[in-house]
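Listed below, chain by chain, are the residues.
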Protein chains: 2
Amino acid sequence: MNKVITISREFGSGGRELGRRLSELLHIAYYDQEILTEIAKRTELAESYIEQVVEQTPMMSFPIHVGRSFYPMMNPALELTQTVMVEQHKTIYEMAEKSDCVIVGRCGDYILRDFNPFRIFVYADLESRIQRCLERQTETEHYTWEELKHKIVSLDKNRKKYYEFYTGKKWGDKINYDLCINTTNVSIKEIAGSFSKLFM
Amino acid sequence: MNKVITISREFGSGGRELGRRLSELLHIAYYDQEILTEIAKRTELAESYIEQVVEQTPMMSFPIHVGRSFYPMMNPALELTQTVMVEQHKTIYEMAEKSDCVIVGRCGDYILRDFNPFRIFVYADLESRIQRCLERQTETEHYTWEELKHKIVSLDKNRKKYYEFYTGKKWGDKINYDLCINTTNVSIKEIAGSFSKLFM
């Protein structure tokens, strides 16, 4: 069975960078944006729409494990949401079947539980996460400290709801992960180097 | 400054074994029972009494940071408790000043905060901890599954109270640690080998 590392992360904790660097150091596949691209191809929906669906609170959509059951749909938007979620599930599963990989977010730890993945949760204190986001703003982004704080808290609230709705488990509760890594005031590059050794 | 690794752990999670093995693999000092022995020497109290003091709920004693202040004492037992706590603080601090080391329990992460220690929290699901305790019973111990469950829950409750009383922080809350390691169904020997690489 392929080696699968899943990374769940608080927004701004550097979890995505850690995942990418781990995959590079371990010479294994890294799936992140690729998942959206593949779903877009399969569903013929825009990537931006898919991103919105998988980041929004899914309280009105159906849990993953319902799969393609023929529940009566309330409206076409809900049907699209379910389609996206089912395709995401299938896409992620098929990617893990192909080769060793690192998958960031998207309830990967739950979707890939058959693979007995190594489940990492990445977190940091709020101040450090705001600071990391500030340093990584693009030229067109001009968020203030307060705005970023609000954005981070709100996005994490969504991630939490999303994860808990689909998996029935508590997001960020350490018992649901094999390893929880605190990235407060640390260089992601350096810790990726250290933690990659766990898998060599 | 010396490299200090502190290990906090849920009872039965194998944290003590992990600490001992890490120290062996890293060829650095390991302090655990040695701390009690040293306090016993300094205070002329029995090790068994000291163990009882540092494991019991400290609600009636004084926080570490009060140190040797001259508060009026309520009774000789409380005075003894405070003496033990102050000596424990001093002993642990002096040990960390001597050389690189691993310190298990005893609020080491808090007492040694000046050393910027690498703070590990070791945990596992309750079933796995009961199983680990069952397998490690000595010939004179004959706890049942239910008795061990009760013992583990009760001891962790004390550890939690003890930690929170002395440090003012939440025991087991991942933000207070650099790394949280889940030892559910894993071999401590194997993960010690893996995690020791983080420090090499």
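Residues numbered from 1 in each chain as written. Chains lettered and ligands numbered in written order. Predicted model: local features only at pLDDT ≥ 70, side-chain atom pairs only at ≥ 80, totals over all residues. Heavy atoms only, no water.

**Section: the overall build of chain A**
The helix and strand inventory of chain A stands at eight helices and five strands. Walking chain A from its N terminus toward its C terminus, one meets helices and strands in the order β-α-β-α-α-α-β-α-β-α-α-β-α. The C-alpha radius of gyration of chain A comes to 17 Å, within 12% of the 16 Å expected for a compact globule of 200 residues. Seen along its three principal axes, the alpha-carbon backbone of chain A occupies a region of about 50 × 45 × 30 Å. The proportion of buried residues among the 200 residues of chain A is 52%. Long-range contacts, defined as pairs at least 24 residues apart, comprise 71% of the intrachain contacts of chain A with a sequence gap of at least 6. Counting every atom, chain A has about 10000 Å² of accessible surface; 52% of that belongs to carbon and sulfur. Looking at charge distribution, chain A has the averaged site of its 27 positive side-chain charges lying 3 Å from that of its 29 negative ones. (Helix = DSSP H or I, 4+ residues; strand = E, 2+ residues; numbered from the N terminus. Rg over C-alpha atoms; globule rule 2.2 N^0.38 Å. Buried < 20%, exposed > 50% of the residue type's maximum accessible area, 1.4 Å probe, protein only. Contact = heavy atoms within 4.5 Å. Areas by Shrake-Rupley, 256 points an atom, 1.4 Å probe, with all protein chains shown as cover. Lys, Arg positive; Asp, Glu negative; His and termini not counted. Charge placed at Lys NZ, Arg CZ, Asp CG, Glu CD.)

**Concerning the relation of the copies chain B and chain A**
If you rotate chain B by 180° and push it 0.0 Å along the axis, it lands on chain A with an RMSD of 0.0 Å. Viewed as a symmetry operation, the transformation between the two copies matches a two-fold axis. Distance from the rotation axis, computed per C-alpha, reaches its smallest value in chain B at cysteine 180 of chain B: 2.5 Å. The overlap is high: 100% of the interface residues of chain B also sit at the interface in chain A, so the same surface is used on both sides. (Least-squares fit on C-alpha atoms with pLDDT ≥ 70 in both.)

**A short note on the interface of chain B and chain A**
On the side of chain A, 20 residues touch chain B, which itself brings 20 residues to the contact. The contact between chain B and chain A buries some 1600 Å² in all, and 59% of this surface belongs to carbon and sulfur atoms. There are zero salt bridges connecting chain B and chain A. The tally of links from chain B across to chain A stands at 14 residue pairs in polar contact (both at pLDDT 80 or more). Listed by contribution, the elements that provide at least two residues to the side of chain B that touches chain A are strand S4 (118-123), strand S5 (179-182) and helix H8 (188-196) of chain B. By residue number, the principal contributor to the side of chain B that touches chain A is S5 of chain B, which donates four residues. Classifying every residue of the side of chain B that touches chain A gives 11 nonpolar, four polar and five charged. Relative to S5 of chain B, strand S5 (residues 179-182) of chain A is paired through three bridges, and the arrangement is antiparallel. Considered in S5 of chain B, the bridge of leucine 179 of chain A is made with isoleucine 181 of chain B. (Buried area = accessible area lost by both parts, 1.4 Å probe. Salt bridge = Lys/Arg side-chain N within 4 Å of Asp/Glu carboxyl O. Polar contact = N/O pair within 3.5 Å; in protein donor to acceptor, adjacent residues only side chain to side chain. Nonpolar A, V, L, I, M, F, W, Y, C, P; charged D, E, K, R; others polar. Pairing = 2+ DSSP bridges.)

**Here we look at the nonpolar core**
Formed by 60 residues in total, the largest nonpolar core has its most connected members in Val84 and Leu112 of chain A together with Leu112 of chain B. Ignoring any residue separated from it by four or fewer positions in sequence, one finds leucine 112 of chain A in contact with Val4, Thr6, Ile92, Tyr93, Ala96, Ile103 and Pro117 of chain A. (Core = buried A, V, L, I, M, F, W, Y, C linked by side-chain atoms within 4.5 Å.)

**Digging into the sheet that holds strand S1 (residues 4-9) of chain A**
Hydrogen bonds between backbone groups are what pair the strands of a sheet, and the pairing can be parallel or antiparallel. With mixed pairing, the 10 strands of this open sheet are ordered in space as S2(A)-S3(A)-S1(A)-S4(A)-S5(A)-S5(B)-S4(B)-S1(B)-S3(B)-S2(B). One side of each edge strand has no neighbouring strand; the edge strands of this open sheet are strand S2 (29-31) of chain A together with strand S2 (29-31) of chain B. If you compare each strand with its neighbour and ignore which way they point, the axes differ by 20° on average. Alignment of strand S4 (residues 118-123) of chain A against S5 of chain A, held across four bridges, turns out to be parallel. (Axes fitted to C-alpha atoms, helices over the stretch in contact; angles between N-to-C directions.)

**Observations concerning the packing of helix H1 (residues 15-26) of chain B against H8 of chain B**
Residue and element names in this part refer to chain B. Between H1 and H8, whose axes approach to 9 Å, the crossing angle comes to 45°. Comparing their axes, H8 and H1 come out oblique. Considering how the two elements wind past one another, H1 and H8 form a crossing that is right-handed. Here Glu17, Leu18, Arg21, Leu22, Leu25 and Leu26 of H1 come into contact with H8, specifically with Ile188, Lys189, Ile191, Ala192, Gly193, Phe195 and Ser196. Grouping the constituent residues of the contact of H1 with H8 by class yields eight nonpolar, two polar and three charged. (Parallel < 35°, antiparallel > 145°, perpendicular 65-115°, else oblique. Left-handed = near helix turned anticlockwise from the far one by under 90°.)

**A short note on the packing of helix H6 (residues 126-135) of chain A against helix H7 (residues 145-167) of chain A**
Residues and elements named next belong to chain A. At their nearest, the axes of H6 and H7 sit 10 Å apart, and the two run at 110° to each other. One finds that H6 runs roughly perpendicular with respect to H7. Taken as a pair, H6 and H7 cross one another with a handedness that is right-handed. Contacts between H6 and H7 involve Leu126, Glu127, Arg129, Ile130, Gln131, Cys133 and Leu134 from the first element and Trp145, Leu148, Lys149, Ile152, Val153 and Asp156 from the second. Class assignment of the residues belonging to the contact of H6 with H7 gives a composition of eight nonpolar, one polar and four charged.

No statement about biological role is implied by the geometric values presented.
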